[in-house]
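Spelled out from the first residue to the last, the chains are:
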Amino acid sequence: MDTLSSECVRLLPIDSMEVFLPGLKLARYPAVVEEGPALESFETGSDVAVKDLSAEISRWPTYVARMVGLGYAAVSALPMRMMEETVGAVTLLSAETEVLSAEDRRLGQALADVATLCLRQQREVSHYRTLSGQLQRALDSRVIIEQAKGVLAERAGISVSTAFQRLRSFARSSNRKLSEVAHGVVKGTVDSEKLLRPRNR
């Protein structure tokens, strides 16, 4: 997003740029999240262009007071779309009371679209990393359980199936996770004799 900001300021006749993504605190000014052109663009999925911010005080009182106080006079907001969904908005701020030309708006929208694509890719990578981590934990748990079954079967001279039943029964009676009990068996921190002891004793 820093690259998007610098590119927008370099390529467009603006003085500052903000990215509004609901749920993420990317905007430097709290008022942007509560009201204003970015929120309106996000909710409607349409461009919002205001030539004179001070004239919109009744429309966005907190936002306008904040931005005018910072020296901004005009604003354009462009939606960030991901497929059919609007995921945020880009706000282009200027100290001059002048609306962006149609050509500049197209360029701004192109930059916003690129940023949205990058955001989508980041989310997909994060999603796959989460799934990968969950899968790895599940595999690790399965491996330790298999090891514990083998340890118990060998020590007690019972079948692997019976060893698993004892593991599961002990985990339930002690209100512990099966993988935790299995890890204890393999590491020797769980009393195997107690675990293998018939329940009616």
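Details of the structure are given in the entry above.
Residues numbered from 1 in each chain as written. Predicted model: local features only at pLDDT ≥ 70, side-chain atom pairs only at ≥ 80, totals over all residues. Heavy atoms only, no water.

Draft legend 1. Layout of the overall build of the protein chain. Check the secondary structure of the protein chain and you find eight helices and four strands. Counting from the amino terminus, helix and strand elements in the protein chain follow one another as α-β-α-α-β-α-β-β-α-α-α-α. Here the protein chain holds 201 residues, and the buried ones make up 37% of them. The contacts in the protein chain between residues at least 6 apart in sequence include a share of 56% that link residues at least 24 apart. Looking at the protein chain as shown, the accessible area adds up to about 12100 Å², and 49% of this sits on carbon and sulfur atoms. (Helix = DSSP H or I, 4+ residues; strand = E, 2+ residues; numbered from the N terminus. Buried < 20%, exposed > 50% of the residue type's maximum accessible area, 1.4 Å probe, protein only. Contact = heavy atoms within 4.5 Å. Areas by Shrake-Rupley, 256 points an atom, 1.4 Å probe, with all protein chains shown as cover.)

Draft legend 2. Representation of the environment of I14 in the model. Tracing the chain through its elements places I14 in the loop between α1 (2–11) and β1 (16–20). Owing to a relative accessible area of 8%, I14 belongs among the buried residues under this scheme. With residues up to four places along the chain from it excluded, the contact list for I14 reads C8, V9, L92, L93 and L100.

Draft legend 3. Representation of the packing of helix α6 (residues 160–173) against helix α7 (residues 178–187). The interhelical angle for the contact between α6 and α7, taken along N-to-C directions, is 115 degrees, at an axis separation of 9 Å. In the crossing of α6 with α7, the sense of the turn from one axis to the other is right-handed. Here F164, L167, R168, F170 and A171 of α6 come into contact with α7, specifically with L178, V181, A182 and V185. (Axes fitted to C-alpha atoms, helices over the stretch in contact; angles between N-to-C directions. Left-handed = near helix turned anticlockwise from the far one by under 90°.)

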